[in-house]
Amino acid sequence: VRAVIRDTVDLVRTQGHFTRVVLVSDVPEDVELVVRGDPYQLQQVLVNLLVNAADAVEKTPNPRVAISALRRHADPPPAHTPARRKDDPEGVDYSHRRRLAASPRWPVGDPETDSGDVVELIVTDNGPGLPPNMTEQVFEPFVTTKEPGKGTGLGLAVCARLIDAMGGVIRAGNAADGGARFSVVLPAEPAEVEST
């Protein structure tokens, strides 16, 4: 992951999007950041997220985009709450037999991992952020927050499918201090054990 981020940052810095945007990379050197997946597909996802962030801060004074990575323990999956009708007996889950509620389109929670850890890549910007009603929809095809003629709405949809194929999840939201925050969470490979 470290090499993919370094190569991606070098690549996008040469593009016109980043002539007046400060691009900050914060990737620790002392943490093992190894995932299973195609590095070129991961780079495609990161290029898309960084270019989108640069577009978002276009009219922002002192535009800033940051990319960071960390390794952390995977959060446990959220508890399953079955959909119920008011006359269902307590403790019985009939949701598999009824069309009560659609399952979420995108996975909720961290991906399953053999190592118990995940690698999280985070892209943030100091732009206006995502409209609250768009955070669940931005990964759908043809959904865009850009003005007409500036984007097709396919970039994030492709990113979501690439990350899903790698066994990971991608999330969109807004940072606590403003601006958009995109997070890519991938299963971490087990840490190498040094032999003595």
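For the structure, see preceding data.
Structure report, in brief. (Residues numbered from 1 in each chain as written. Predicted model: local features only at pLDDT ≥ 70, side-chain atom pairs only at ≥ 80, totals over all residues. Heavy atoms only, no water.)

## A look at the pairing of strand 2 (residues 64-73)
And step 1. Among the ten residues of strand 2, seven are classified as buried, and the element is accordingly described as predominantly covered.
And step 2. Two strands pair when backbone bridges link them, and strand 1 (residues 22-26) and strand 2 are joined in this way by five bridges, in the parallel orientation. The partner of Asp26 across the bridge, within strand 2, is Ser68.
And step 3. As for the winding sense of the linkage, the β-α-β connection from strand 1 through helix 2 (residues 39-56) to strand 2 is left-handed.
And step 4. Pairing geometry for strand 2 and strand 3 (residues 117-125), over nine bridges, is antiparallel. By the bridge assignment, Val65 is partnered in strand 3 with Asp125. (Buried < 20%, exposed > 50% of the residue type's maximum accessible area, 1.4 Å probe, protein only. Helix = DSSP H or I, 4+ residues; strand = E, 2+ residues; numbered from the N terminus. Pairing = 2+ DSSP bridges. Right-handed = clockwise from strand over helix to strand, strands pointing away.)

## Looking at a nonpolar patch on the surface
And step 1. On the surface, a nonpolar cluster with roughly 290 Å² of combined accessible area is contributed by Phe142, Leu154 and Val158.
And step 2. Within the secondary structure, Val158 sits in helix 3 (residues 155-165).
And step 3. Val158 sits in the partly exposed class, given a relative accessible area of 38%. (Patch = residues over 30% accessible without salt bridge, like charges linked within 9 Å, V, L, I, M, F, W, Y side chains within 5 Å. Areas by Shrake-Rupley, 256 points an atom, 1.4 Å probe, with all protein chains shown as cover. Salt bridge = Lys/Arg side-chain N within 4 Å of Asp/Glu carboxyl O.)

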